Amino acid sequence: MVRTTPEWLALTVRERVDAFTAQVLPATGARTTGVRSRFYDTVFYSVRVTDVWVWEAEDHHAYRLLIDALRETPFWERYFEVVDLRAGTENGYARAYGLEPVATVAT
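This write-up is about the structure you can find in this document. (Residues numbered from 1 in each chain as written. Predicted model: local features only at pLDDT ≥ 70, side-chain atom pairs only at ≥ 80, totals over all residues. Heavy atoms only, no water.)

**Observations regarding the overall build of the chain**
- The helix and strand tally for the chain stands at 4 helices and 4 strands.
- Reading the chain from its N terminus to its C terminus gives the helix and strand order β-α-α-β-β-α-β-α.
- Pairs at least 24 apart in sequence give 59% of the contacts found in the chain among residues at least 6 apart.
- Carbon and sulfur atoms provide 55% of the accessible area of the chain, an area that totals close to 7,700 Å².
- Of the side-chain charges in the chain, 12 are positive and 15 negative, and the distance between the mean point of each set is 2 Å. (Helix = DSSP H or I, 4+ residues; strand = E, 2+ residues; numbered from the N terminus. Contact = heavy atoms within 4.5 Å. Areas by Shrake-Rupley, 256 points an atom, 1.4 Å probe, with all protein chains shown as cover. Lys, Arg positive; Asp, Glu negative; His and termini not counted. Charge placed at Lys NZ, Arg CZ, Asp CG, Glu CD.)

Shown next as structure tokens:
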């Protein structure tokens, strides 16, 4: 969970996309494999957090390397204030007990 900084908001939309492409993707790609990202705008629902970055990693080692890589980019505490990190395991409870996960599927 992150909050945008005035420096990030001063960039145009094109400059933001270019910054992510030029600064984050090479840094994370050089440090780890098996990760992907999604981004959610939450500024219209929360004043504390403006965006939620969801990073999926194949394992905890890949996640640790991802966070290390992100910390070395301007996105960490320059363009965004990192408000909170939440880690979880999808269907962890079901897997721990050898059960099939219960989930809904969009139709």
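Continuing now.
**Examining the pattern of salt bridges**
- The tally for this structure, following the rule as stated, stands at 8 salt bridges.
- For Arg3, the salt bridge goes to Glu81, with nearest N and O atoms at 3.2 Å. Of this pair, Arg3 sits in strand β1 (residues 2-4) while Glu81 sits in strand β4 (residues 80-82), and the two are 78 residues apart along the sequence.
- When its relative accessible area of 26% is taken as the criterion, Arg3 is described as partly exposed. (Salt bridge = Lys/Arg side-chain N within 4 Å of Asp/Glu carboxyl O. Buried < 20%, exposed > 50% of the residue type's maximum accessible area, 1.4 Å probe, protein only.)

**Describing the nonpolar core**
- Counting 14 residues, the largest nonpolar core has Trp53, Trp55, Leu70, Phe75 and Phe80 as its most contacted members.
- Elements with a minimum of two residues in this core: α2 (13-31), β3 (51-57), α3 (60-71) and β4.
- For Trp53, the contacting residues outside a window of four places in its chain are Val2, Arg38, Phe39, Leu70, Phe75 and Phe80. (Core = buried A, V, L, I, M, F, W, Y, C linked by side-chain atoms within 4.5 Å.)

**What to know about the environment of Thr73**
- Here Thr73 is to be found in the loop between α3 and β4.
- On the accessibility criterion, Thr73 (7% relative accessible area) is buried.
- Separated by 31 residues in the primary sequence, Thr73 and Thr104 have C-alpha atoms spaced 36 Å apart.

**Digging into the packing of α2 against α3**
- Relative orientation of the contacting elements α2 and α3 amounts to 140°, with a least axis distance of 9 Å. In terms of orientation, α2 and α3 fall into the oblique class. Crossing of α2 against α3: the hand is right-handed. Contact residues: Val24, Ala27, Thr28 and Arg31 in α2; Leu65, Leu66, Asp68, Ala69 and Leu70 in α3.
- Its residues placed into classes, the contact of α2 with α3 shows 6 nonpolar, 1 polar and 2 charged. (Axes fitted to C-alpha atoms, helices over the stretch in contact; angles between N-to-C directions. Parallel < 35°, antiparallel > 145°, perpendicular 65-115°, else oblique. Left-handed = near helix turned anticlockwise from the far one by under 90°. Nonpolar A, V, L, I, M, F, W, Y, C, P; charged D, E, K, R; others polar.)

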